[in-house]
Amino acid sequence: MTKPPGINIALCEFRPDDAWQHVVIAAPEKCRSCREKNCLRVCPSAVFQWDNIPDHPVLVRYRQCVECGACRLACPAGAVEFAYPRGGYGVVYHHG
């Protein structure tokens, strides 16, 4: 028997690793001078927040991350570092 498409979404969970942040802005000085701020546009879960004030930092709310890695690819300055969370943390999919 096939389950309706929406039923599987409840089988996903997120276990944050409070001892290690897997998405960081490793070069804040490059980020502050970035005009594009592509990370704000490409992230599907709004991990990156900015108050639109020049020279203010972009904040990272890594607990919202869906682990797609788009931020790392979109950053023209290479200021975003992304790594998959350690085993047992992050997005966990349950099948069934």
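As the structure is a computational prediction, the values presented were derived from the model and not from experiment.

Conventions used here
Residues numbered from 1 in each chain as written. Predicted model: local features only at pLDDT ≥ 70, side-chain atom pairs only at ≥ 80, totals over all residues. Heavy atoms only, no water. Helix = DSSP H or I, 4+ residues; strand = E, 2+ residues; numbered from the N terminus. Core = buried A, V, L, I, M, F, W, Y, C linked by side-chain atoms within 4.5 Å. Buried < 20%, exposed > 50% of the residue type's maximum accessible area, 1.4 Å probe, protein only. Contact = heavy atoms within 4.5 Å.

Draft legend 1. Quick peek at the environment of Asp55. Here Asp55 is to be found in the loop between strand 3 (48–49) and strand 4 (59–60). Remark: the alpha-carbon pair of Asp55 and Cys34, spanning 21 residues in sequence, is separated by 9.3 Å.

Draft legend 2. Spatial organisation of the nonpolar core. Val23, Ile25, Phe48, Val58, Cys71, Ala79 and Val80 are the most contacted members of the largest nonpolar core, which totals 16 residues. Put simply, the parts of the chain that give this core at least two residues each are strand 2 (23–25) and strand 5 (80–82). With residues near it in sequence (within four places) discarded, Cys71 still touches Val23, Val42, Phe48, Val80 and Phe82.

Draft legend 3. Inspection of unusual backbone geometry at higher detail. Although it is not a glycine, Lys37 adopts a positive phi angle of roughly 50°. Topologically, Lys37 is positioned in the loop between helix 1 (28–33) and helix 2 (38–42). Since its relative accessible area comes to 5%, Lys37 is described here as buried. Within the chain, Asn52 stands out as a residue other than glycine whose phi angle is a positive 65°. Positionally, Asn52 belongs in the loop between strand 3 and strand 4.

Draft legend 4. The side chain of Asn38, seen in detail. With respect to the helices and strands, the residue Asn38 is situated in helix 2. Owing to a relative accessible area of 18%, Asn38 belongs among the buried residues under this scheme. Non-local contacts of Asn38, meaning those with residues more than four positions away in its chain, are made with Ala74 and Pro76.

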